[in-house]
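Architecture at a glance
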There are 2 protein chains.
Amino acid sequence: MPSNAALPPDKVPDNLDSPDSLARKPPGKRTPDKIQITQTLADSAFERLRNAIIKGELPPGSKVNEPLLSKQYGISRGPLREAIRRLAGSKLVEIKPNSGAKVISLNKSQAIEIYQIRESLEGLACRLAAAHANAEHCHGLRELLANHEAQIQAENWAQYYQEAGDWDFHYQIVELSGNARLFSLLCDDLYDLLRLYRVQTSGQPQRPERAFKEHHQIVDAIEANDGELAELLMRRHISNARQTLVRQLES
Amino acid sequence: MPSNAALPPDKVPDNLDSPDSLARKPPGKRTPDKIQITQTLADSAFERLRNAIIKGELPPGSKVNEPLLSKQYGISRGPLREAIRRLAGSKLVEIKPNSGAKVISLNKSQAIEIYQIRESLEGLACRLAAAHANAEHCHGLRELLANHEAQIQAENWAQYYQEAGDWDFHYQIVELSGNARLFSLLCDDLYDLLRLYRVQTSGQPQRPERAFKEHHQIVDAIEANDGELAELLMRRHISNARQTLVRQLES
DNA sequence: AACTTAATTTGTGTCGACAATATGCCAAGC
DNA sequence: GCTTGGCATATTGTCGACACAAATTAAGTT
């Protein structure tokens, strides 16, 4: 329950999960509903597709079949195609002319590229966060870490939640940076790609206790408004994960 | 003529500039052309729209009128809409449901956000470039700078070319980093946004001689394979530009 | 039996038409 | 004079149909 505290609205798991149709009007009929969320079918399809990809329901490399999905979602191909193009714009699918869209598939070296970028960008986020953070913010971070720790102690929590806790921490830091573009870039684009890669490789071994300690050090630096140190620690923190990947690559 | 040396293929100004229609087949007729570039109408429209936006033909904040553009481009609204969604995915336009797409408009603080990101990312690019660069690469960079300098000396060159030289330099550095994702992120996404901002503010005063000296220092560091220094210099280089912006913001 | 070629099927690209919503304009009322 | 309401228009959202390309299956020849 504490897990999606820092998640942006469109990231919270859709519990309502309407069985299938997200159409607001059956093709020919009128729409008697007065209350209706003013959202395009293409928008809904976009989010839905995105979730499907991130959760691995549409595995990396698989083709995105328009007629099939349009039937599944209960909409026509038009809005669906628009959703797919938007996904292409954020690099989650690749479109080959006359042959359709495939879900992007990352190899290790591509994942490493992303980690390099993430290292640089989250370092920046940390530096900015240290400049902006007040006592209240730091308290929030501590609380998050405490929850996270409790979950790890309980041990029987699914790995999913443990991982979610990790994401929460990074989300919150980036949000604290105050740089909206940076938030969008990391949280809306890059994190998705990494999640996708983890799904693909069914998760590399976690190292919770070590990561946990590093998180605490980072908050310490932010609390002390030491931007330089915070940046350094975060970069090192992510660099560790990256080097784990590199080692896997070499072996 | 040396100016688009480092530009990726889709950045080179479309000189052919086919008068208007990019349709490959008049709606009902056959297509007698055997030789035809296998590219979707939506793809062409995407590039064309993107260029129009970057060049300022579609000024920031202006509405993207579907019927008008579809007539201008000689295609139907379907492919055009797909192109617009793709632009939305890379954040060049904003779509408001039931109200259409507007070209994105950056204010100064948003531009500063982007500069912060760019600073971090190009610093990374420089560090990586220093690790990869060999003598040949460095020679290429020197040559680029020499051309650039010659243009500045000539003085009567349009500012356009002078600016292009600056972009070329940064393109080449990022390319040298060897990180394809980083290249795409900077050159395909962020640079466009900054170009757009410059169009919007009709270009802040240039400082060619200073920037030029800094470029040389950066190449020196890369040549010496001193990644740390190269990163530092590039970050400072971009930070200078950013702080110019900040000063403008305060005044 | 294997290979090439023809036919069928599946899927993508494009269009035009219609419904739903927003936008602009004009008149009526305070 | 200004605001408010309602009408006409323009624009967006969605759909179904069709043309073309790719993939798959079937057929025919050596």
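What counts as what
- Residues numbered from 1 in each chain as written.
- Chains lettered and ligands numbered in written order.
- Predicted model: local features only at pLDDT ≥ 70, side-chain atom pairs only at ≥ 80, totals over all residues.
- Heavy atoms only, no water.
- Contact = heavy atoms within 4.5 Å.
- Buried area = accessible area lost by both parts, 1.4 Å probe.
- Salt bridge = Lys/Arg side-chain N within 4 Å of Asp/Glu carboxyl O.
- Polar contact = N/O pair within 3.5 Å; in protein donor to acceptor, adjacent residues only side chain to side chain.
- Helix = DSSP H or I, 4+ residues; strand = E, 2+ residues; numbered from the N terminus.
- Core = buried A, V, L, I, M, F, W, Y, C linked by side-chain atoms within 4.5 Å.
- Buried < 20%, exposed > 50% of the residue type's maximum accessible area, 1.4 Å probe, protein only.
- Pairing = 2+ DSSP bridges.
- Near = heavy atom within 4 Å.
- Nonpolar A, V, L, I, M, F, W, Y, C, P; charged D, E, K, R; others polar.
- Phe/Tyr/Trp six-rings, centres within 6.5 Å; stacked < 30°, edge-to-face > 60°.

**A word on the interface of chain A and chain B**
Taken together, the contact pairs 35 residues of chain A with 35 residues of chain B. For the chain A and chain B pair, buried surface summed over both sides reaches about 3,000 Å², with 48% attributable to carbon and sulfur atoms. Contact with chain B buries area across many residues of chain A, yet E82(A), I117(A) and R181(A) alone supply 22% of it, more than any other trio. Our count for the chain A to chain B interface comes out at six salt bridges. The shortest N-O distance in the salt bridge between R235(B) and E231(A) comes to 3.4 Å. Linking chain A with chain B are 15 residue pairs in polar contact (both at pLDDT 80 or more), by the criterion used here. Elements with a contribution of two residues or more to the side of chain A that touches chain B: helix 3 (77–89), helix 4 (108–132), helix 7 (180–200) and helix 9 (227–250) of chain A.

**Some thoughts on the nonpolar core**
Formed by 133 residues in total, the largest nonpolar core has its most connected members in I222(A) and I222(B). Those residues in contact with I222(B) that lie beyond four places of it in its chain are C126(B), A129(B), A130(B), A133(B), C138(B), L141(B), I173(B) and A230(B).

**Remarks on the pairing of strand 3 (residues 100–103) of chain A**
All names here are of chain A. Sheet analysis places strand 1 (residues 63–64) next to strand 3, joined by two bridges and oriented antiparallel. Pairing of K63 across the sheet is with K102, part of strand 3. Where strand 2 (residues 93–96) folds back onto strand 3 in an antiparallel hairpin, the turn is made up of three residues, including N98, whose phi is positive at roughly 65 degrees.

**A word on the protein's contact with DNA strand C**
Inspection of the region around DNA strand C gives 24 residues, with N65(A), R77(A), T40(B), L41(B) and S76(B) positioned closest. Counting only the atoms of DNA strand C that lie within 4 Å of the protein, the sugar and phosphate share comes to 74%. Contacts to DNA strand C include N98(A), whose backbone N or O atom sits 3.0 Å from a phosphate oxygen. Contacts to DNA strand C include S76(B), whose backbone N or O atom sits 2.8 Å from a phosphate oxygen. Counting residues per element, the ones that place at least two in the surface near DNA strand C are strand 1, helix 2 (66–73) and helix 3 of chain A together with helix 1 (41–55) of chain B. Sorting elements by how many residues they give to the surface near DNA strand C places helix 3 of chain A first, with three residues. Residues belonging to the surface near DNA strand C are distributed by class as follows: seven nonpolar, nine polar and eight charged.

**Quick look at the packing of aromatic side chains**
Overall, the coordinates contain six aromatic pairs over all chains when judged by the stated rule. Seen from their ring centres, W167(A) and Y191(A) are 4.8 Å apart, and the 50 degrees between their planes marks the pair as tilted. Placement of W167(A) in helix 6 (residues 159–176) and of Y191(A) in helix 7 is noted, with a sequence separation of 24 residues between them. Across the pair, Y191(A) and W167(A) agree in class, each one buried. Ring centres 5.6 Å apart and planes at 65 degrees place the aromatic pair Y171(B) and Y191(B) in the edge-to-face group. Of this pair, Y171(B) sits in helix 6 (residues 159–176) while Y191(B) sits in helix 7 (residues 180–200); the two residues are 20 residues apart in sequence, bridging distant segments of the chain. An identical accessibility class is assigned to Y171(B) and Y191(B); each is buried.

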